[in-house]
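Take a look at the letters that make up each chain.
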Amino acid sequence: MDSVYVKRDSSGAIVAIGREAEPGMAEAVAIDDPAVQRFLDPSRGAEPEAVAEALQRSDAELVRVVEDLAHLLIEKGVIRFTELPTAAQRKLLDRRQLRRDRKALDLIAGSDDNGDDRFMP
């Protein structure tokens, strides 16, 4: 039987699935597990509002993935920042500044943000 590795939120709901174990995603679960199937097909038995919330949460997470991908491609020299459309450049710079501001506020407040900002200069 095939299995996948899952990451759960504080309530125990699956928030990420991968084929390989990664930090924070080390729990092996059978692919046919009902929780895995609900994650893969959120519309299965879900209310429309729950599906909309899941999609919105996924969009927010995907934004960060795309942002990190852009920074990685720039860092590796695959693309130049100036080759991106002006609007994309502005959005990446705005998000970088927002993360810096948040990090500064977290330091002032004494919280320990474990967000991965390795592509944030």
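It should be emphasised that the depicted structure is a prediction, and the values quoted were computed from it without experimental measurement. (Residues numbered from 1 in each chain as written. Predicted model: local features only at pLDDT ≥ 70, side-chain atom pairs only at ≥ 80, totals over all residues. Heavy atoms only, no water.)

Caption draft 1: Seen up close, the overall build of the protein chain. Scanning the protein chain for helices and strands turns up 3 helices and 3 strands. Along the protein chain, helices and strands appear, N-terminal first, in the series β-β-β-α-α-α. With 121 residues in all, the protein chain has 18% of them scored as buried. Contacts in the protein chain between residues at least 24 apart in sequence constitute 33% of all its contacts with a sequence separation of at least 6. (Helix = DSSP H or I, 4+ residues; strand = E, 2+ residues; numbered from the N terminus. Buried < 20%, exposed > 50% of the residue type's maximum accessible area, 1.4 Å probe, protein only. Contact = heavy atoms within 4.5 Å.)

Caption draft 2: Representation of the confidence of the model for the protein chain in the model. Across the protein chain, the average pLDDT comes to 83, with 84% of residues at or above 70. The lowest-confidence element of the protein chain is helix 1 (residues 34-40), averaging 85 in pLDDT; the highest-confidence one is strand 3 (residues 27-30), averaging 91. (pLDDT = per-residue confidence, 0-100.)

Caption draft 3: Looking closely at the nonpolar core. Membership of the largest hydrophobic core is limited to 6 residues, which are Val 4, Val 6, Ile 14, Val 29, Ala 35 and Val 36. Going through the elements one at a time, strand 1 (3-8) and helix 1 are the ones with two or more residues in this core. (Core = buried A, V, L, I, M, F, W, Y, C linked by side-chain atoms within 4.5 Å.)

Caption draft 4: Quick peek at the sheet that holds strand 2 (residues 14-18). The sheet built from 3 strands is open, its strands ordered 2-1-3 with antiparallel pairing. Among the strands making up the open sheet, the edge pair consists of strand 2 and strand 3. The mean angle between the axes of side-by-side strands here comes to 45 degrees, regardless of whether they run parallel or antiparallel. Bridge count for strand 1 against strand 3 is 4 bridges, and the pairing is antiparallel. Considered in strand 3, the bridge of Ser 3 is made with Ala 30. (Pairing = 2+ DSSP bridges. Axes fitted to C-alpha atoms, helices over the stretch in contact; angles between N-to-C directions.)

Caption draft 5: How the structure looks around the pairing of strand 2. For strand 1 and strand 2, the ladder comprises 4 bridges, and the chain directions are antiparallel. Opposite Lys 7, over in strand 2, you have Ala 16 as the bridge partner. Here strand 1 folds back onto strand 2 in antiparallel fashion, the turn holding 5 residues, of which Gly 12 has a positive phi close to 95 degrees.

Caption draft 6: Region of interest: the side chain of Gln 89. With respect to the helices and strands, the residue Gln 89 is situated in helix 3 (residues 86-109). A distance of 3.3 Å separates a polar atom in the side chain of Gln 89 from the backbone oxygen of Thr 82. In this view, Gln 89 contacts Phe 81, Thr 82, Glu 83 and Leu 84; residues no more than four positions away in its chain are not counted. (Polar contact = N/O pair within 3.5 Å; in protein donor to acceptor, adjacent residues only side chain to side chain.)

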